[in-house]
Amino acid sequence: QEGIMTQEYAGELFGYSVFLVMCNRLAAVVYAVPMGLIRGESLKNEAPLWKYLLVSLSNVYASSCQYEALKYVSFAVQMLGKSFKMMPVMIWGMIIANKSYG
C-alpha cells in the first residue's frame, strides 16, 4: 500500500485510500475463512454484531488515515504511525468490552 500511495500516476497521487483498505480487508477475509474452515473453527459470531461494527469502523478509519498520511510524511514517521494504529482499537476494546491489556 505504501508504494501505491506514494507513487504518482499521470501526475497525481493515488486518491482512493478507502479502496485500498477495502482490498486489504477482502484479502484478509479470503484468507481467513478457508483457514478457519480447514482448522474446524466456528465462523459464528460470539459477540453482538454492533460491537464488531464499532471496532471495525474505528479500524477502517485509522487505516484510511494512515494511507493518506503516506502522501505527506517520511518513512520513519510512517512507521511510528503504523505502530500507533492499534491504539484506537484497544481503547474501543477497553470501553466496549471492558478488556485490559498488559
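Relevant structure appears above.
Okay, so let's go over this structure. (Residues numbered from 1 in each chain as written. Predicted model: local features only at pLDDT ≥ 70, side-chain atom pairs only at ≥ 80, totals over all residues. Heavy atoms only, no water.)

**Quick look at the environment of E41**
Stage number 1. Note on placement: E41 falls in the loop between α2 (17–38) and α3 (49–69).
Stage number 2. The exposure class assigned to E41 is partly exposed, which follows from its relative accessible area of 44%.
Stage number 3. Residues E41 and Y67 lie 26 residues apart in sequence; the distance between their C-alpha atoms is 32 Å. (Helix = DSSP H or I, 4+ residues; strand = E, 2+ residues; numbered from the N terminus. Buried < 20%, exposed > 50% of the residue type's maximum accessible area, 1.4 Å probe, protein only.)

**Brief notes about the packing of α2 against α3**
Helices that pack against each other are described as a pair by the angle of their axes relative to one another and the distance between those axes.
Stage number 1. Where α2 contacts α3, the axes come no closer than 9 Å and their chain directions differ by 125 degrees. The angle between α2 and α3 places the two elements in the oblique class. α3 is crossed by α2, and the crossing has right-handed handedness. Listed contacts from α3 to S17, V18, L20, V21, N24 and R25 of α2 are N59, V60, S63, S64, Y67 and E68. (Axes fitted to C-alpha atoms, helices over the stretch in contact; angles between N-to-C directions. Parallel < 35°, antiparallel > 145°, perpendicular 65-115°, else oblique. Left-handed = near helix turned anticlockwise from the far one by under 90°. Contact = heavy atoms within 4.5 Å.)

**Structural notes on the layout of surface pockets**
Stage number 1. Volume-wise, the largest pocket comes out at about 220 Å³.
Stage number 2. Taken together, R25, A28, V29, A32, S56, N59 and V60 make up the full set of residues lining the largest pocket.
Stage number 3. Sorting the residues of the lining of the largest pocket by element identifies α2 and α3 as the ones contributing at least two each.
Stage number 4. If one sorts the elements of the lining of the largest pocket by residue count, α2 sits on top with 4 residues. (1 Å grid on protein atoms, 1.4 Å probe; cavity = no way out; pocket = protein on both sides within 12 Å on 5 of 7 lines; lining within 4 Å. Points joined across faces, edges and corners; volume = space filled by probe spheres on them.)

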